Structures are given as C-alpha cells and as structure tokens.
Amino acid sequence: MRIIIHIDLDAFYASVEIRDNPKLEGKPVVVGADPKKGFGRGVVSTCNYEARKFGVRSGMPINFAYRKCPDCVFLPVDMDKYVEESIASQELFRKYADLFEPGGIDEFYLDVSERCSNYKEAEGLAKEIKEKLREKRKLTCSIGIAPNKLMAKIAAGRQKPDGLTVVKPAEVLDFLAPMEVDALLGVGPKTKAKLNELDFFTVKDIRKVSMYQLVEWLGKFGAVLYDEARGIDDSPIIEEWEAKSIGRQITFEKDTKDRKKILDTLTEIVNDTIKQVKAEKLKYKTVTVKIRYEDFFTTSKAKTLKEDRGDEKTAQLLARELLIPFLSDDRKIRLIGFSVSKLGKI
Ligand code: TTP
Ligand code: MG
C-alpha cells in the first residue's frame with residue numbers, strides 16, 4: 001500500500017509578494033501585467049483569495065481583471081523570486097519524504113509509504129509540514145493524501161487555501177464519483193465538452209462504458225481516462241537523479257507568434273539536443289516540449305515512446321506534434337524548450 005502526499009502552495013506568486021510586503025496583507029492582490037501599461041494587454045498570472053472574491057482568475061486578460069476589481073493591487077511578475085522560493089520550499093519538504101518529485105513550480109509529490117505505517121500518521125506528518133512551512137517560509141499550502149499521485153493531486157485541490165484532504169484507498173471510488181469530468185487530470189474544456197455531449201457529466205458516468213469505447217471516442221487518452229475514473233494510477237514518484245534529461249531552450253529576443261520562426265527554432269534546438277544524445281551514446285524514450293508565454297506562464301507536453309530511440313527524425317516529428325497545440329493560444333511565446341529523458345545507453 002502506497003501513501004502519497006501532494007503539496008500545492010496557495011496563491012503562490014501572490015503569497016510570496018504579500019509575505020515580502022506586509023502592507024499588502026488583507027488587500028486584493030493580482031500578479032501579472034500592469035493594466036495601465038501596454039493598452040491593458042497581458043494576463044493575470046495569479047491572484048490572492050481576496051481578489052478571487054471579485055471574480056479575478058489566472059489566465060484572465062488583465063484589463064478584464066481591472067474592470068472586475070479596480071481597487072486590486074496589480075504587481076508585475078518577478079519570476080526569479082518565485083523560483084528561489086520554490087527551491088527553498090523544496091528543501092524543506094524533501095526532508096519529509098522517502099521519495100520526492102517536484103510537479104511544478106509550486107507543487108510537490110512525496111512518497112511517505114515507508115515512514116508512515118498508516119493514513120493517520122501521514123495526516124500527522126502533513127500537519128507538521130504545514131506548520132514548518134508557515135514557520136520557516138511564512139507561506140501556506142494545501143495538501144492531499146491518497147494512495148497514488150493522481151488522487152493526491154485531486155485531493156489537494158479540494159480544499160483551498162490551507163486545506164488538508166485525506167482519501168484512503170477504500171474511499172477513492174466514492175470520493176471521485178460525484179465530481180465533474182474535468183476534475184480528472186488531462187480533461188480540458190474540449191474533452192469536457194465532448195464528454196458532456198455524449199451525456200457524461202460526472203466521473204461516475206464515465207465508469208458506465210468500456211475502455212474500448214472510450215478509446216474509440218477519445219483516442220489513447222480514453223485508456224488513461226478509464227483508469228482515472230476509477231482512481232487508478234501506478235506511476236511512481238521519480239527522484240530527480242533518475243530524471244536526468246538532455247535539452248536546450250531559447251528565449252526569443254522579442255515575444256513572438258510567428259509560426260515559422262517558432263518552428264525553425266524548435267528544429268534547431270532538437271537538432272542540437274540529438275547531437276548531444278548521440279555524442280553521449282544514449283537513447284531516449286520521452287520527448288518534452290516546453291513553452292513559456294509572454295506572461296511567464298510555463299507549461300509543457302511530453303510523449304513517451306514504447307521503445308527507446310536515438311534518431312533525430314523521430315524527435316523532430318514528435319517535437320512538432322507536441323508544439324502545435326501551444327500555437328493556438330492567444331499569448332505570444334517568450335521561450336521554447338525541448339528535452340529528451342528516460343535515457344538509456346546504446
Ligand atoms: P497554481 O497552483 O495553479 O495557482 P496558485 O498557487 O496561484 O493558486 P492556488 O494553488 O491557491 O489555487 O499555479 C501556481 C503558480 O503558477 C501561480 O501562482 C502563478 C502561475 N500560473 C500562471 O502564471 N498562469 C496560470 O494560468 C496559472 C494557472 C498559474
Ligand atoms: Mg498553487
């Protein structure tokens with residue numbers, strides 16, 4: 001039996017700003033572009049819970065947020081500061097884990113199966129982690145405890161801010177059943193609309209059909225969804241040393257939406273990466289494309305092959321396939337990255 005903890009910091013960028021400037025405490029704070037500059041272009045990166053009461057949300061155009069909350073304090077994104085905080089928090093959390101894996105700038109997975117013999121103990125540990133974070137970093141987080149990464153992450157998101165949600169193995173099915181389909185990971189607005197059209201609204205609804213049927217409707221993701229709807233996820237917590245990767249990234253001189261420029265840059269960095277892979281006599285199994293938008297929001301898509309490869313052609317094709325969906329976003333692209341991982345010796 002595994003016990004996995006997922007930690008997600010609350011209103012991360014905004015909380016760091018408020019901690020460092022106590023005058024902001026209690027006020028609605030938005031981190032993102034400046035609504036008074038650049039004709040109000042740009043988006044909200046995040047905001048604190050006070051600002052959320054006015055309807056402000058991540059990803060919302062900044063002038064929209066300004067209309068909803070003219071009295072909000074608007075702050076610029078200070079990425080260096082958040083990365084530094086992310087690293088400091090990691091150091092703190094790592095001590096509580098048998099295995100530790102960062103899942104994003106403000107989210108972390110801890111496998112505590114060895115040090116905790118039951119969920120009660122894990123809950124005690126989670127409370128200790130919250131206390132330490134408050135004491136040492138002056139921040140709060142929300143925590144989920146569950147038998148796997150998928151469930152721990154969903155649990156952490158259920159009570160925010162400063163929440164703690166425990167889902168024991170026997171509770172998994174009932175916990176998920178009433179949730180809307182987009183509570184599951186990888187179900188975005190498009191998949192949700194498609195599922196709703198097919199008359200599936202809750203996770204329980206999805207359980208009515210076979211895996212075969214879901215694959216027919218949704219492609220390979222159908223098989224993932226079949227498992228997710230049952231709370232099944234066997235993916236391990238991967239320590240960084242196992243996760244060595246080789247890659248390159250480039251920041252454009254000017255943020256861009258120029259398709260050709262972006263694709264040419266991708267081709268170039270894939271080429272450089274594969275040169276290094278070959279030089280080190282390695283093969284890769286996973287390729288990842290990373291994008292940072294003009295508002296500094298960073299996201300990635302990855303694909304894992306059944307067998308390891310060493311060639312450039314496969315890497316180029318997959319990189320393109322992974323990049324294309326990012327190009328339909330309204331935001332300009334600031335940075336593009338490519339990497340290969342799950343490496344093996346030739
Ligand atoms: P989240 O954990 O999704 O959001 P949050 O920490 O601000 O708020 P909470 O977890 O309490 O709901 O994202 C972490 C950080 O990532 C967030 O502080 C800012 C950044 N981010 C963006 O820049 N743009 C986005 O669209 C999102 C969702 C997040
Ligand atoms: Mg967060």
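Residues numbered from 1 in each chain as written. Chains lettered and ligands numbered in written order. Predicted model: local features only at pLDDT ≥ 70, side-chain atom pairs only at ≥ 80, totals over all residues. Heavy atoms only, no water.

1. Side note on the side chain of Arg-292
Here is step 1 of the chain: One can find Arg-292 in strand 10 (residues 282-293).
Here is step 2 of the chain: Apart from residues no more than four positions distant in its own chain, Arg-292 is found in contact with Phe-297, Thr-298, Ile-333, Arg-334 and Leu-335. (Helix = DSSP H or I, 4+ residues; strand = E, 2+ residues; numbered from the N terminus. Contact = heavy atoms within 4.5 Å.)

2. Notes on the site of ligand 1
Here is step 1 of the chain: Lining the immediate environment of ligand 1, one finds 15 residues, of which Ala-11, Thr-46, Tyr-49, Arg-52 and Lys-160 sit closest.
Here is step 2 of the chain: At a separation of 3.1 Å, an oxygen atom of ligand 1 approaches a polar side-chain atom of Asp-8.
Here is step 3 of the chain: Here an oxygen atom of ligand 1 and a backbone polar atom of Ala-11 are 2.7 Å apart.
Here is step 4 of the chain: In the complex, 80% of the free accessible area of ligand 1, which totals 560 Å², lies under the protein chains.
Here is step 5 of the chain: Of the residues that constitute the shell around ligand 1, the class distribution is 6 nonpolar, 4 polar and 5 charged.
Here is step 6 of the chain: Here the shell around ligand 1 spans two domains, since at least three of its residues come from each of domain 1 (4-10 + 80-168) and domain 2 (14-77). (Near = heavy atom within 4 Å. Polar contact = N/O pair within 3.5 Å; in protein donor to acceptor, adjacent residues only side chain to side chain. Areas by Shrake-Rupley, 256 points an atom, 1.4 Å probe, with all protein chains shown as cover. Nonpolar A, V, L, I, M, F, W, Y, C, P; charged D, E, K, R; others polar. Domains from an automatic or database assignment.)

3. Examining the coordination of the magnesium ion (ligand 2)
Here is step 1 of the chain: Within the first shell, the magnesium ion (ligand 2) binds the protein through Asp-8 (OD), Leu-9 (O) and Asp-106 (OD), at distances of 2.0 to 2.2 Å.
Here is step 2 of the chain: The site at the magnesium ion (ligand 2) holds 6 donor atoms, and with the angles between them running 81 to 175 degrees, its shape is octahedral.
Here is step 3 of the chain: Counting gaps between the donor residues of the magnesium ion (ligand 2) yields the pattern D-L-x96-D. Side by side, Asp-8 and Leu-9 carry an identical accessibility label, which is buried. (Donors = N, O, S within 2.8 Å, 3.2 Å for Na, K, Ca; no water. Tetrahedral: all angles 85-135°; square planar, octahedral: opposite > 155°, others 65-115°. Buried < 20%, exposed > 50% of the residue type's maximum accessible area, 1.4 Å probe, protein only.)

4. Some remarks on unusual backbone geometry
Here is step 1 of the chain: Backbone torsion omega between Lys-160 and Pro-161 reads -10 degrees, so that peptide bond is classified as cis.
Here is step 2 of the chain: Here Pro-161 is to be found in the loop between helix 6 (149-156) and strand 8 (164-166).
Here is step 3 of the chain: A positive phi angle, close to 40 degrees, is found at Ala-11, a residue other than glycine.
Here is step 4 of the chain: Considering the arrangement of structural elements, one finds Ala-11 in the loop between strand 1 (4-9) and helix 1 (12-20).

5. Regarding the domain arrangement of the protein chain
When the parts of a complex come together, some accessible area is lost, and that lost area is often taken as the interface size.
Here is step 1 of the chain: Domain annotation for the protein chain reports domain 1 (4-10 + 80-168), domain 2 (14-77), domain 3 (177-228) and domain 4 (245-345).
Here is step 2 of the chain: One C-alpha centre belongs to domain 1, the other to domain 3, and the line joining them spans 28 Å.
Here is step 3 of the chain: Contact with domain 1, which involves 4 residues of that partner, is made by 5 residues of domain 3.
Here is step 4 of the chain: Of all residues in domain 1, Leu-150, Ile-154 and Arg-158 bury the most surface against domain 3, accounting for 83% of the area lost on that side.
Here is step 5 of the chain: Applying the counting criterion to the domain 1 and domain 3 interface returns 0 salt bridges.
Here is step 6 of the chain: There are 0 residue pairs in polar contact (both at pLDDT 80 or more) connecting domain 1 and domain 3.
Here is step 7 of the chain: Of the residues that constitute the side of domain 1 that touches domain 3, the class distribution is 2 nonpolar, no polar and 2 charged. (Buried area = accessible area lost by both parts, 1.4 Å probe. Salt bridge = Lys/Arg side-chain N within 4 Å of Asp/Glu carboxyl O.)

6. Description of the packing of helix 4 (residues 79-94) against helix 5 (residues 119-137)
Here is step 1 of the chain: One way to put it is that helix 4 packs onto helix 5 with a least axis distance of 10 Å and a crossing angle of 135 degrees. Viewed along their axes, helix 4 and helix 5 adopt a mutual orientation that is oblique. The two elements helix 4 and helix 5 meet at a crossing, and its hand is right-handed. Of the residues in helix 5, those touching helix 4 at Glu-85, Ala-88, Ser-89, Leu-92 and Phe-93 are Ile-129, Lys-132, Leu-133, Lys-136 and Arg-137.
Here is step 2 of the chain: Of the residues belonging to the contact of helix 4 with helix 5, the class tally is 5 nonpolar, 1 polar and 4 charged. (Axes fitted to C-alpha atoms, helices over the stretch in contact; angles between N-to-C directions. Parallel < 35°, antiparallel > 145°, perpendicular 65-115°, else oblique. Left-handed = near helix turned anticlockwise from the far one by under 90°.)

7. So, the sheet that holds strand 2 (residues 29-32)
Here is step 1 of the chain: If you trace the 3 strands from one edge of the open sheet to the other, you get 3-2-4, paired in mixed fashion. Each having just a single partner strand, strand 3 (44-47) and strand 4 (73-75) make up the two edges of the open sheet. Averaged over all pairs of adjacent strands, the angle between strand axes in this sheet comes to 25 degrees, irrespective of strand direction.
Here is step 2 of the chain: The pairing of strand 2 with strand 4 spans 3 bridges and is parallel. Residue pairing for strand 4: Val-29 is matched across the bridge by Val-73. (Pairing = 2+ DSSP bridges.)

8. Details of the pattern of salt bridges
Here is step 1 of the chain: All told, the structure shown has 24 salt bridges when counted by the stated rule.
Here is step 2 of the chain: Close ionic contact of Asp-308 with Lys-283 constitutes a salt bridge, the shortest N to O distance being 4.0 Å. Here Lys-283 lies in strand 10 and Asp-308 lies in strand 11 (residues 298-309), a separation of 25 residues in the sequence.
Here is step 3 of the chain: The salt bridge partner of Arg-331 is Asp-329, with a shortest N-O separation of 3.0 Å.
Here is step 4 of the chain: Relative accessible area serves as the criterion here: at 16%, Arg-331 is assigned to the buried category.

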